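Chain and residue survey
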Amino acid sequence: MTTIKLRCDTADLEDYLSALFAASELLPEIRQGLVGLLDSGEELFCVHSDCIAASVTGELLVRFQPSDALLRLLSASGAWNVDFNIFEHATSPIDDSNVITAREASQ
C-alpha cells in the first residue's frame, strides 16, 4: 500500500483575502463588490496541484490561489481607496500657473 501525504498551501489566498478584508473595512463599495462577486458564481480561488511530483515524493501539495475575479476585485479596491494609491498630487495641477490645462491649450 502506498501512502501519499497531502499538504495544503493557502498562504497566497490568505494574503489577498486579508488585504481585501482590510480594504472592505474602509469602504462599503468594496463589500458590495465582494457580495457581487459571490452572487456572480465566479470562483474565488483556484486549486493547483502537482500529481506527478506526488508519485515521486510521496507528498501531494495543493495550492489555493486567488482567482482572476478576486484579483480584479482587489485591484479595483485600490482605485476606490485613496490610501491604496501609489501617489497623489500635492497640489492641484489646475492651480499651478506653470501647467497648461487642456482648456487653456484649446483657447
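Residues numbered from 1 in each chain as written. Predicted model: local features only at pLDDT ≥ 70, side-chain atom pairs only at ≥ 80, totals over all residues. Heavy atoms only, no water.

Remarks on the pattern of salt bridges
Selection criterion: By definition, a salt bridge exists where a carboxyl oxygen of Asp or Glu is found within 4 Å of a side-chain nitrogen of Lys or Arg. Secondary structure is summarised from DSSP: a helix means a run of H or I of at least four residues, a strand means a run of E of at least two, and numbering begins at the N terminus for each. A simple rule labels every residue: compare its accessible area, found with a 1.4 Å probe on the protein chains alone, to the largest value its type can have, and call it buried under 20%, exposed over 50%, or partly exposed in between.
Here the structure, examined in full by the defined rule, presents 3 salt bridges. A salt bridge links Arg 63 to Asp 9; the nearest nitrogen and oxygen atoms lie 3.9 Å apart. Of this pair, Arg 63 sits in strand E3 (residues 59–66) while Asp 9 sits in strand E1 (residues 5–9), and the two are 54 residues apart along the sequence. The class of Asp 9 is partly exposed, set by a relative accessible area of 29%. Between Arg 72 and Glu 42 there is a salt bridge; the shortest N-O distance is 3.2 Å. Of this pair, Arg 72 sits in helix H4 (residues 68–80) while Glu 42 sits in the loop between helix H2 (28–40) and strand E2 (45–49), and the two are 30 residues apart along the sequence. Taking relative accessible area as the criterion, Glu 42 reaches 41% and is therefore assigned partly exposed.

Points about the sheet that holds E1
Short version of the rule: Any two strands with at least two DSSP-identified bridges between them are counted as paired. Between N-to-C directions, angles cover 0 to 180 degrees, with each direction set by a line fitted to C-alpha atoms, over the stretch in contact for helices. Contacts between residues were defined by any pair of non-hydrogen atoms, one from each residue, lying within 4.5 Å.
Read across the sheet, 3 strands follow the order E1-E3-E2 without closing on themselves; strand pairing throughout is mixed. Two strands in the sheet have a free side with no partner beyond their single neighbour: E1 and E2. Strand after strand, the sheet turns through a mean of 20 degrees between neighbouring axes, direction not considered. Both E1 and E3 contribute to a ladder of 5 bridges, which runs parallel. Residue pairing across strands places Lys 5 opposite Glu 59, the latter belonging to E3. Of the strands in this sheet, E1, E2 and E3 are in contact with helix H1 (residues 11–26), which crosses E3 at around 20 degrees.

Side note on H1
Where we set the bar: Under the convention used throughout, the expected extent of a helix is 1.5 Å for every residue step, that is, one less than its residue count. The directions considered for the arc are those from the helix axis to the C-beta atoms.
Between its first and last C-alpha atoms H1 spans 23 Å; for 16 residues at 1.5 Å apiece the expected length is 22 Å, and the two agree. Along H1, the residues that are buried comprise Leu 13, Leu 20, Ala 23 and Ser 24. Down the axis of H1, the sector holding all buried residues measures 100 degrees, keeping them to one side. In this structure, H1 carries Asp 15, Phe 21 and Glu 25 as exposed residues pointing more than 90 degrees from its buried face.

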